[in-house]
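Topology and contacts: notes
One-letter residues, chain by chain:
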Amino acid sequence: MSSSEIMGKLIEVQQIAEKNFGITNILQPGIIKELIMAEILGHQLVPQKDLPDAKDIDGHFYEYLASIRRVNTRNNRGCSFQMDRVTPNNLTRVTRNKAFYFGIFKTHLEIEQIWEVSIPDVLNEVKRQLENCKNDIAHVNFLLKWLENNGKLVYSSEEKN
């Protein structure tokens, strides 16, 4: 397959994504993983970058974070999730949501698990990391261990098989 054939397929996918989901940039970082998670969770994807990632039929908003599980590595096994550019003045990025969902992916297109974490738990972790940050702006990381201790597994691809 030539690169022009790949580009043709991407253009076709972009047209479908815009028509069916309002996605104006199918190559936007994270949008494919968010689309996969929204479908599993029964949410409507919100493709606008400055808004939450999805909403339910009652109008509640949700934030999605995704990571690929690292398995063939000696150190730093598992996965971690990141919220970029967090400050004490933009915590509404957390509080405007009903919950956070963390998607653990096997590959860039295959999801293994989705975990739900309550807003108070996410907010406590964000504030803890902000207090320990020496900069005015932080990238907040959520490690797999934290997720397993604070979250609830709501989807597993293993249960589907």
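Everything quoted here is computed from the prediction, not taken from an experiment. (Residues numbered from 1 in each chain as written. Predicted model: local features only at pLDDT ≥ 70, side-chain atom pairs only at ≥ 80, totals over all residues. Heavy atoms only, no water.)

Observations regarding the overall build of the protein
For clarity, the threshold we go by: A run of H or I in DSSP counts as a helix once it spans at least four residues, and a run of E counts as a strand once it spans at least two, with each numbered from the N terminus. The globule rule used here is 2.2 Å times the number of residues to the 0.38 power, and the radius of gyration it is set against is calculated over C-alpha atoms. Burial classes: relative accessible area under 20% of the type maximum marks a residue as buried, over 50% as exposed, and values in between as partly exposed (1.4 Å probe, protein chains only). Only heavy atoms matter for contacts: two residues are in contact if any of them lie within 4.5 Å across the pair. We get accessible surface area from the Shrake-Rupley algorithm with a probe of 1.4 Å; when it comes to residues, only the shown protein chains can shield them. Charge assignment: positive for Lys and Arg, negative for Asp and Glu; neither His nor the chain ends contribute. A charge is said to be at NZ when it belongs to Lys, at CZ for Arg, at CG for Asp and at CD for Glu.
Helix and strand counts for the protein come out as six helices and eight strands. Reading the protein from its N end, one meets helices and strands in the order α-α-β-β-β-β-α-β-β-α-β-α-β-α. The globule rule puts the C-alpha radius of gyration for 161 residues at 15 Å, and the 17 Å found for the protein is close to it. Here the protein, with 161 residues, has 38% of them falling under the buried criterion. Looking at the protein alone, contacts between residues at least 24 apart form 55% of all its contacts between residues at least 6 apart. Only carbon and sulfur atoms are counted for the fraction: they give 49% of the accessible area of the protein, which is about 10300 Å². A distance of 5 Å separates the average location of the 20 positive side-chain charges in the protein from that of its 21 negative side-chain charges.

As for unusual backbone geometry
Of note, Arg85 is a non-glycine position whose phi angle comes to about 55°, a positive value. Structurally, Arg85 can be placed in strand β4 (residues 80-86). The exposure class assigned to Arg85 is exposed, which follows from its relative accessible area of 52%.

Remarks on the packing of aromatic side chains
As a reminder of what qualifies: Two rings from Phe, Tyr or Trp (for Trp, the six-membered ring) form a pair when their centres are within 6.5 Å of each other. A pair whose planes differ by under 30 degrees is stacked, one over 60 is edge-to-face, and the rest are tilted. Working rule: Lys NZ or Arg CZ, within 6 Å of ring centre, within 35 degrees of ring normal, means a charge sits over the ring.
Taken as a whole and assessed by the stated rule, the structure comprises seven aromatic pairs. Arranged with centres 5.1 Å apart and planes meeting at 85°, the rings of Phe81 and Phe102 form a pair that is edge-to-face. Within this pair, whereas Phe81 is found in strand β4, its partner Phe102 is found in strand β5 (residues 99-105), the two being separated by 21 residues in sequence. Ring centres 5.0 Å apart and planes at 50° place the aromatic pair Phe142 and Trp146 in the tilted group. For Trp146, a relative accessible area of 14% translates into the label buried. Taken together, Phe81, Phe100, Phe102, Phe142 and Trp146 form an aromatic cluster joined through their ring pairs. Here Lys33 stacks its cationic end above the ring of Phe105, 5.6 Å away from the centre of that ring.

With respect to the sheet that holds strand β2 (residues 54-55)
Stated precisely, the cut-off is as follows: Paired strands, as defined in this entry, are two strands with at least two bridges between them according to DSSP. Orientation is described by axes fitted as lines to C-alpha atoms, over the contacting stretch for helices, and by angles from 0 to 180 degrees between their N-to-C directions.
Strand order in the open sheet formed by six strands is β1-β2-β3-β5-β6-β8, with mixed pairing between adjacent strands. Each edge of the sheet is formed by a strand with only one pairing partner; in this case those strands are β1 (44-45) and β8 (152-156). Across two bridges, β1 lies against β2 in antiparallel orientation. Note that in β2 the partner of Leu45 across the bridge is Ala54. Each of β1, β3 (61-68), β5, β6 (111-118) and β8 touches helix α2 (residues 31-41); the most contacted strand, β3, lies at about 120° to it. Contacts from helix α4 (residues 119-131) reach β5 and β6 within the one sheet, and its direction differs from that of β6 by about 85°.

Points about the confidence of the model for the protein
Put simply, the rule reads: Every residue carries a pLDDT, the predictor's confidence in it, which falls somewhere between 0 and 100.
Averaged over all residues, the pLDDT of the protein equals 92, while 96% of them reach at least 70. Helix α6 (residues 157-160) is the least confidently modelled element of the protein, averaging 77 in pLDDT, while β6 averages 98, the highest of any element.

Looking at α2
Where we set the bar: The directions considered for the arc are those from the helix axis to the C-beta atoms.
All of the buried residues along α2 are Ile31, Lys33, Glu34, Met37 and Ala38. Projected down its long axis, α2 carries its buried residues within an arc of 155°, all on one side. Close packing links the buried residues of α2 with β1, β3, β5 and β6.

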